[in-house]
Amino acid sequence: MSDSASEPTPVPRLPAGFIWGASTAAYQIEGADGADGKGVSIWDTFVRRPGAVRDGHTGEVACDHYHRFSEDVALMRRLGLDAYRFSICWPRVLPAGAGRVEPRGLDFYDRLVDALLGAGIEPLPTLFHWDLPQALEDDGGWLNRETACRFGEFAAVAAERLGDRVKRWITLNEPFVHMSFGYGFGIHAPGRTLMLDALPAAHHQLLGHGYAASALRAAVPGAQVLIANNCTPVRLRSDARRDADLTAASAYDTLHNRLFNDPVMLASYPDLSAYGISASSWEGVVRDGDLTVIGQPLDGLGINYYNPTWVTAPADPPSGLPFGLAEPEEPYRRTLSGWPVVPDGLTELLTGLKARYGDALPPVWITENGCSEPAGLQDQARIDYLAAHITAVAEAADHGVDVRGYFTWSLLDNFEWAEGYHQRFGLVEVDFATQLRSPRASFEWYRQLIASQRG
Ligand code: BGC
């Protein structure tokens with residue numbers, strides 16, 4: 001790493017006690033496919049489907065974090081992280097999704113948690129970051145209500161083993177993305193193309209969140225439970241002010257944001273009539289009492305933010321969806337993945353959540369934010385991205401949003417789902433041929449930022 005890191009871009013001070021972190025997910029970094037009795041996940045299956053992932057890449061080895069976690073924890077210590085968000089691979093712990101527990105899988109997370117605590121870093125596990133056991137998918141996956149019960153049982157097993165040391169937990173990662181990409185459009189595992197028939201996967205994941213929250217609270221005294229939702233501010237183009245565009249924007253906001261935020265904060269679903277769902281047709285899916293389980297008090301709302309979404313009225317001929325997606329007209333800088341860089345969207349999102357949910361909004365945690373940039377160690381674009389987004393968080397805090405932490409995505413370059421290894425989100429560059437880790441300029445910048453915010 002170069003000693004001559006660039007001068008830190010000034011970032012306003014976040015409130016005292018603010019938690020600085022970094023995030024990863026099991027399938028994206030662990031590798032060790034099949035090791036120590038691990039069962040098969042839907043991603044293990046999906047990556048073998050021809051054409052599913054760019055260039056046929058798989059997470060079989062990924063960053064080999066399963067075997068190299070000590071080196072990775074040493075990097076986190078050097079960075080000065082307060083907390084590390086990782087996910088627990090369900091089929092490592094319960095190879096068939098339910099029933100027999102694989103102690104060697106739990107042993108790995110035990111070692112990881114101990115290493116983190118030894119380095120003074122809070123472990124923040126996510127219980128579901130998309131790697132559903134294949135055996136449960138074979139029974140319908142998240143379209144099957146039973147999967148929610150199995151998820152609650154998995155949470156109990158994880159809590160029993162780790163709950164003496166882990167107090168803060170995240171249940172689900174981005175149930176919107178898993179439902180839409182995994183079950184609606186088929187671009188993520190399990191690769192189903194059900195379009196709007198994927199909607200029950202939203203309710204069953206949320207019910208699973210509720211069961212997991214109950215299990216965690218039963219097993220871990222003082223447990224704090226969060227969910228990590230992918231949220232987006234919905235924007236219209238300046239030339240779009242027709243009623244049809246406004247209606248489309250509201251429909252998109254309902255699907256992407258409110259479908260997952262309302263139930264956990266208000267214990268109710270938004271009006272889903274734009275999606276052909278009426279109170280009575282949703283009746284077969286949502287049973288009495290479900291919303292009480294889902295809407296039990298939340299200790300924190302995790303927000304994963306990448307960019308706003310521009311929406312228009314549906315295309316002609318209609319796509320079957322009550323909205324169309326548009327490109328922004330502003331010439332935003334784009335990341336390597338082509339996403340527009342819009343830091344003020346994060347302030348808009350956070351203040352908008354406060355305006356919408358008021359006192360029902362628990363403390364907010366930015367559980368993911370970051371960018372893919374070209375390979376190489378000099379990544380000023382990433383530094384600028386992070387500085388601008390952290391500044392946006394500080395602005396939301398100034399407007400009265402209770403924000404408790406910021407976790408950048410990601411610590412390491414990793415397996416970026418359908419994009420394979422073509423996108424690089426890491427503060428640390430990974431050479432996937434040799435597994436050499438090389439901290440980038442952004443690593444040194446983030447290290448200095450954390451130190452100066454503490455000082
Ligand atoms: C996911 C991560 C992913 C990141 C960048 C989020 O949607 O939670 O797993 O790598 O965005 O695409």
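Use the structure listed above.
Quick caveat: nothing in here was measured; it's all calculated off a predicted structure.

Student: I'd love a proper account of the packing of helix α5 (residues 103–118) against helix α7 (residues 146–162), names of residues and values included.
Tutor: It is at 10 Å that the axes of α5 and α7 come closest, and there the two elements cross at 50°. The angle between the axes of α5 and α7 places the two elements in the oblique class. Our pair here, α5 against α7, has a crossing hand that is right-handed. Contacts between α5 and α7 involve P103, L106, D107, Y109, D110 and V113 from the first element and V157, A158, R161 and L162 from the second. A class-by-class count of the residues in the contact of α5 with α7 yields seven nonpolar, no polar and three charged.

Student: Tell me about helix α10 (residues 243–266), and name the residues and values.
Tutor: The end-to-end C-alpha separation of α10 is 28 Å, well short of the 34 Å expected for 24 residues at 1.5 Å each. The sharpest bend along α10 comes to roughly 55°, located at R258. Taken across its 24 residues, α10 has 17 buried, putting it largely inside the fold. A267 sits one or two positions beyond α10 and adopts a positive phi of about 55°.

Student: Account for the sheet that holds strand β4 (residues 168–173), naming residues and giving values.
Tutor: Strands sit in the order β1-β2-β3-β4-β5-β7-β10-β11 around a closed barrel of eight strands; the barrel is parallel. The average angle at which neighbouring strand axes cross in this sheet is 25°, direction not considered. The sheet contact formed by β4 and strand β5 (residues 224–230) spans four bridges and is parallel. Considered in β5, the bridge of R168 is made with Q224. Helix α9 (residues 200–219) contacts β3 (122–128), β4 and β5 of the sheet and is inclined by roughly 165° relative to β4.

Student: Help me get a handle on a nonpolar patch on the surface, residues and values and all.
Tutor: Taken together, the side chains of F185, I187 and M195 make up a nonpolar region of the molecular surface, amounting to roughly 260 Å² of accessible area. Of note, I187 is situated in the loop between α8 (175–184) and α9.

Student: Tell me about unusual backbone geometry, and name the residues and values.
Tutor: With an omega dihedral of 10°, the bond running from A189 to P190 counts as a cis peptide bond. For P190, the location among the structural elements is in the loop between α8 and α9. Geometrically, the link from W409 to S410 is a cis peptide bond, its omega value of 15° lying close to zero. Along the chain, the position of S410 falls in the loop between β11 (403–409) and β12 (428–431). Phi at D55 is positive, roughly 55°, even though this residue is not glycine. Of note in the backbone geometry, Q435 takes a positive phi value of approximately 65° without being a glycine. Here Q435 shows up in the loop between β12 and β13 (436–439). Looking at Q435, the relative accessible area reads 6%, which means it is buried.

What counts and how
- Residues numbered from 1 in each chain as written.
- Predicted model: local features only at pLDDT ≥ 70, side-chain atom pairs only at ≥ 80, totals over all residues.
- Heavy atoms only, no water.
- Axes fitted to C-alpha atoms, helices over the stretch in contact; angles between N-to-C directions.
- Helix = DSSP H or I, 4+ residues; strand = E, 2+ residues; numbered from the N terminus.
- Parallel < 35°, antiparallel > 145°, perpendicular 65-115°, else oblique.
- Left-handed = near helix turned anticlockwise from the far one by under 90°.
- Contact = heavy atoms within 4.5 Å.
- Nonpolar A, V, L, I, M, F, W, Y, C, P; charged D, E, K, R; others polar.
- Expected span 1.5 Å × (residues − 1).
- Bend = angle between axes of the 7 residues up to and from the residue.
- Buried < 20%, exposed > 50% of the residue type's maximum accessible area, 1.4 Å probe, protein only.
- Pairing = 2+ DSSP bridges.
- Patch = residues over 30% accessible without salt bridge, like charges linked within 9 Å, V, L, I, M, F, W, Y side chains within 5 Å.
- Areas by Shrake-Rupley, 256 points an atom, 1.4 Å probe, with all protein chains shown as cover.
- Salt bridge = Lys/Arg side-chain N within 4 Å of Asp/Glu carboxyl O.

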